[in-house]
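Take a look at the letters that make up each chain.
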Amino acid sequence: MTRLLEVQSLSKSYAGVQAVRDVSFDLDRGEILALIGPNGAGKSTCFNMLNGQIRPDAGTIRIDGEPTVGKPPRAVWRMGVGRTFQITATFASMTVRENVQVALLSYAHALRRFWGSAAKDADEADRLLGLVGMGGYAERAAAELAYGDLKRLELAIALANRPKLLLMDEPTAGMAPKERIELMRLTAEIARREGIGVLFTEHDMDVVFEHADRLMVLSRGMLIAEGPPAEVRRDPEVQAIYLGEGLVYDARHQDGAAGAAAATGAHR
């Protein structure tokens, strides 16, 4: 069966500096894959190549067997790739429902007819809001939401194009510890139920080790480790890199539970 996402020998350099070097991996439907690494490892560059913002110097990217390299971000989005960002962006003056409706109408090529046709998408917007636990907030202005609720709204917006693949760039950044766990638990439940593949970057290792099916570790643009969380956690090279970045592993979690304390800085 064709893998949802297939990446082969992906490379990108800037002014002679290799940001990403010969990176290959794949992702299945319903799988949660974490991409971690210290500052400057190449995670953001990798993400931006996957959704079409940056064109790789070499390598291939396929979604459901279809090549994406050279396609603009909007075309990649229409292929079923959703994305959330570290800094949440919503329309503050619109209601929560209207924010989701804009995404739905954009996906349906109807953005110019927003005010005349928005009501037709209200049911679907409410369904998506219910999916992320925001059903009771539909009429509230986005500007009134707490930060954790904005993150859930962003997730609903990212689901508006019925994604096969969801790219999440530090989805829990700025959230309280309990909110982080709840958001990723919700995301994992939706992804596994709907068969959505999720690739996310994250600096909170509690979140990573609790929710990821597999981990990939980048260092200086190269993939240095890949596998189940427990296996990657024991890798000496991974431990050396993260200890250098201030990440302290807790020996009490070596039995496979959430295996590390949060990083002291954002690893991007």
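Note that the coordinates shown come from a computational prediction; the quantities given were computed from them, not determined experimentally.

Parameters at a glance
- Residues numbered from 1 in each chain as written.
- Predicted model: local features only at pLDDT ≥ 70, side-chain atom pairs only at ≥ 80, totals over all residues.
- Heavy atoms only, no water.
- pLDDT = per-residue confidence, 0-100.
- Contact = heavy atoms within 4.5 Å.
- Pairing = 2+ DSSP bridges.
- Helix = DSSP H or I, 4+ residues; strand = E, 2+ residues; numbered from the N terminus.
- Salt bridge = Lys/Arg side-chain N within 4 Å of Asp/Glu carboxyl O.
- Buried < 20%, exposed > 50% of the residue type's maximum accessible area, 1.4 Å probe, protein only.

Peer 1: Can you walk me through the confidence of the model for the protein chain in this structure?
Peer 2: Any region with low pLDDT has predicted coordinates that should not be read closely. Model confidence for the protein chain is summarised by a mean pLDDT of 85, while 85% of its residues fall at 70 or above. A low-confidence stretch, residues 246-268 (pLDDT under 50), is modelled with 59 contacts involving residues beyond four sequence positions or located in other chains.

Peer 1: In this structure, what is going on with the sheet that holds strand S1 (residues 5-14)? I would like to understand it.
Peer 2: The four strands lie next to each other as S2-S1-S4-S5, forming an open sheet whose pairing is antiparallel. Edge positions in the open sheet fall to strand S2 (17-27) and strand S5 (66-67), since each of these has one partner strand only. In this structure, strand S4 (residues 58-63) lies alongside S5, joined through two bridges in antiparallel fashion. Across the sheet, residue Arg62 finds its bridge partner in S5, namely Pro67.

Peer 1: Got a minute to help me understand the pattern of salt bridges in this structure?
Peer 2: Pairing between side chains becomes possible if they bear opposite charge and their charged atoms approach one another. Within the structure shown, the criterion is met by 19 salt bridges. Across the pair Arg180 and Asp204 runs a salt bridge whose closest N-O atoms are separated by 2.7 Å. With a gap of 24 residues between them, Arg180 in helix H7 (residues 177-194) and Asp204 in the loop between strand S8 (197-201) and helix H8 (205-211) connect regions that are remote in the sequence. Accessibility expressed as a relative area gives 5% for Asp204, which makes it buried. One salt-bridge network, in which partners are shared between bridges, spans Arg3, Asp26, Asp28, Glu31, Arg214 and Glu226.

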